[in-house]
Amino acid sequence: MNALITARGITKHFGPTKALDGVDLDIFAGEVHVLLGENGAGKSTLVKVLAGIHGPDAGTIEGSASLAVIHQELALVPELSVAENLFLNRLPRRFGFVDRAEARRRAPRLLERVGLDVDPDAKVKDLGIAQQQMIEIARALDKDAGVLILDEPTAVLTDTETDRLLEIMAQLRGNGVGLVFITHHLDEIQRIADRITVLRDGRSVGVLGPGVSTRHMIELMVGRPIDEQYPRARQRPGRPLLSISHLSRRGAFHDITIEVRAGEVVGIAGLVGAGRTEVARAAFGVDDYDEGSVEVDGKPLRRNDVQAAIKAGLGLVPEDRKGQGLVLTATVGQNLELVTLGNRDRERLHDMVGKLRVKGSVEQPVKELSGGNQQKVVIGKWLLADPKVLILDEPTRGVDVGAKVEIYELVNRMTAQGRAVLLVSSDLPEVIGMSDRVVVMAHGRVAGELPGGATQDQVMALAVQEISA
Ligand SMILES: Nc1ncnc2c1ncn2[C@@H]1O[C@H](COP(=O)(O)OP(=O)(O)OP(=O)(O)O)[C@@H](O)[C@H]1O
Ligand SMILES: [Mg+2]
C-alpha cells in the first residue's frame, strides 16, 4: 500500500537545540498513527515540519494528500464569533464581501458534527477551553483533508468529549483518511492506535503495533519503567490551613464548604460546568463571591483581592496557562520569579528547572518551550513561592507520564513540610490517586465527599447526580 505521506530523515535545529534528528514517518490511508514522546521530544515540531510551517534542515517529505492540522496551541480569534471562527480565512464570499449570513447558516451542521451545543453568534472568548477545542476540531473536519493531524486535542477535553472525538476519528479512518494523533493519555492510545511512533530526544526509537502494554510504551518513551504512577505519601493532618465556608455566588456555586488541613491533599472532582474552577478562582480572589468566607491559616481573606491572598500564603496554578499563567515572551527564569519578585536566588531557579526536568534553559523565552514544558514552568513558579496552601487547577494537562510523577513528588514534599494542597482535576485516576479526600461537585454544589482510594465509579455516581435546588 502506498503511504499518503512519506517523511525520511527529518532533521530540525533551533539554535543549539536539535528538535528532530533523522526521523522517518509514513502515514497510510485508513490508519490512526500516534506520535508518543515526553514533553520536548519533538512531536509538535514534526507536525509543523509536515505542515510546512518549519522547513527541515535535512530530509524529504513526499506525498500529495491535502493536510488539515489541529495545532497544540489554539488558533482561534477570541473577539470573533463561533461562526466566524469556523470559517476563518475561508468565509464564504458574496460579491467580494465576506458572507456572514452564509457562515451562520452553515455553522450549525458543523457544530452538530462534533456534538457542540453553542450559539454560532457567541464570541469565542466567552466559551470554555474545551468548547474552543471542539470548534478547532470542527473547523479542521470541514476541510475534508486526506490527512488529519491532531496535536493533543484531548488535553483540555473531558471524557465525554474525548469519546466523541475518538468516534469521529474512527469514522474518518473508515473513510480512508490518514490520521496522526498526539496524546499523553495512554488509555486513548490503547483504544484507537493502529501504529505508534515513539520519539525520544528528537529521534524515532520504535514503531509499535496496537495492543502494546502501557508499561512498554512508558519504558520506550521515558527510557525507564515507572512503577507507581500516583506515589502519594500521606501525612497525619494538622491544623486547618484553608477554610472555605458556605461560599456562594449566584449562578455559579452554592454553599461550598471545604477544609484543607496542614499536610493534606484534598481533591475536587466533578464534571465540566460543576463549578470547580469558579470556586478555586473565588477562593484565591480572582473573582468575587456573594456570601461566605475564606480563611488561610485561621485568618479571614479579603474577598476579590489576589494580592492579599498571596500575602496570606495562598497560591493558584490556573487551568489556562497561556491566558493566566505565563508571560510567553519573558524567559523561563523571569517567569519562575513572577511570584517571588525580588528573589534573585539563581541556585533555586536552576534547582527547580532541574527537579521538574524542564527541557530548556533558565535564560530561554518561555514561548520556545514545548507545551508540556511551559506547564511545568507555571507549576514551578508557584512551588518556588512556597505558599502555605496551593490550589492546583488541572496541573498536569499536557504533561507526560514521567513528568507527572515528578510533579506529584513535589506535591508530596510540600505536604511533608506541613503545607496544604487543593487539587482540582478532571483526570479521575489523578484526583483519586493523589488526594487524601475527594470532594465531588455537581451543579455548583458539594454532592459528597469520598475518602482517598475511592473508585472512579463512586466519584462518577456523585458527579452526575441531580441535586434539587
Ligand atoms: N520556536 C522554537 N524555538 C526554539 N526552540 C524550539 C522552538 N520550537 C520548539 N523548540 C524546542 O524543540 C524541542 C521539541 O519541542 P516540541 O514542541 O516539538 O516538543 P513536543 O514533543 O511537542 O512536547 P510536548 O509534549 O510538551 O508538547 C524542545 O526542546 C523545544 O524547546
Ligand atoms: Mg507538543
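The chain is annotated in an unreviewed UniProt entry as Monosaccharide ABC transporter ATP-binding protein, CUT2 family of Lentzea xinjiangensis.

Caption draft 1: Looking closely at the site of ligand 1. Taken together, 21 residues lie near ligand 1, and G40, K43, T45, S370 and G372 sit nearest. G40 is positioned such that a nitrogen or oxygen atom in its backbone is 2.8 Å from an oxygen atom of ligand 1. Side-chain polar atom of S44 to an oxygen atom of ligand 1: 2.9 Å apart, as the coordinates give it. When isolated, ligand 1 has an accessible area of 640 Å², and the protein chains bury 89% of it. Secondary structure elements with two or more residues in the shell around ligand 1: β2 (17-28), α1 (43-50) and α13 (371-385). In terms of residue class, the shell around ligand 1 is built from four nonpolar, twelve polar and five charged. Here the shell around ligand 1 spans two domains, and each of domain 1 (3-222) and domain 2 (240-463) adds at least three residues to it.

Caption draft 2: Spatial organisation of the sheet that holds β2. One open sheet accounts for three strands, arranged β2-β1-β4; its pairing is antiparallel. Across the chains shown, the open sheet's two edge strands, defined by having one partner strand only, are β2 and β4 (58-62). Each adjacent strand pair in this sheet contributes to an overall mean axis angle of 10°, direction not counted. In terms of strand pairing, strand β1 (residues 3-14) meets β2 through eight bridges, oriented antiparallel. Considered in β2, the bridge of A3 is made with F28.

Caption draft 3: Quick peek at the domain arrangement of the chain. Taken domain by domain, the chain consists of domain 1 (3-222) and domain 2 (240-463). Its C-alpha centre places domain 1 at a distance of 28 Å from the equivalent point of domain 2. Between domain 1 and domain 2, the residue contacts involve 16 residues of the former and 18 residues of the latter. Each partner contributes to the roughly 1500 Å² buried at the junction of domain 1 and domain 2, and carbon and sulfur atoms together form 49% of this total. Among the residues domain 1 hides against domain 2, the three largest losses belong to N39, G40 and E73. Together they make up 34% of the total. Note that E38 and R357 form a salt bridge whose closest N and O atoms lie 3.5 Å from each other. Counting every contact that joins domain 1 to domain 2 gives five residue pairs in polar contact (both at pLDDT 80 or more). The element best represented in the side of domain 1 that touches domain 2 is helix α7 (residues 214-222), accounting for three residues. Split into classes, the residues belonging to the side of domain 1 that touches domain 2 amount to seven nonpolar, five polar and four charged.

Caption draft 4: Highlighting the side chain of E102. Following the sequence through the fold, E102 ends up in helix α3 (residues 100-113). By relative accessible area, E102 is classed as buried at 19%. Within the structure, E102 has its side chain in polar contact with the side chain of R105 (distance 2.7 Å).

About the thresholds
Residues numbered from 1 in each chain as written. Chains lettered and ligands numbered in written order. Predicted model: local features only at pLDDT ≥ 70, side-chain atom pairs only at ≥ 80, totals over all residues. Heavy atoms only, no water. Near = heavy atom within 4 Å. Polar contact = N/O pair within 3.5 Å; in protein donor to acceptor, adjacent residues only side chain to side chain. Areas by Shrake-Rupley, 256 points an atom, 1.4 Å probe, with all protein chains shown as cover. Helix = DSSP H or I, 4+ residues; strand = E, 2+ residues; numbered from the N terminus. Nonpolar A, V, L, I, M, F, W, Y, C, P; charged D, E, K, R; others polar. Domains from an automatic or database assignment. Pairing = 2+ DSSP bridges. Axes fitted to C-alpha atoms, helices over the stretch in contact; angles between N-to-C directions. Contact = heavy atoms within 4.5 Å. Buried area = accessible area lost by both parts, 1.4 Å probe. Salt bridge = Lys/Arg side-chain N within 4 Å of Asp/Glu carboxyl O. Buried < 20%, exposed > 50% of the residue type's maximum accessible area, 1.4 Å probe, protein only.

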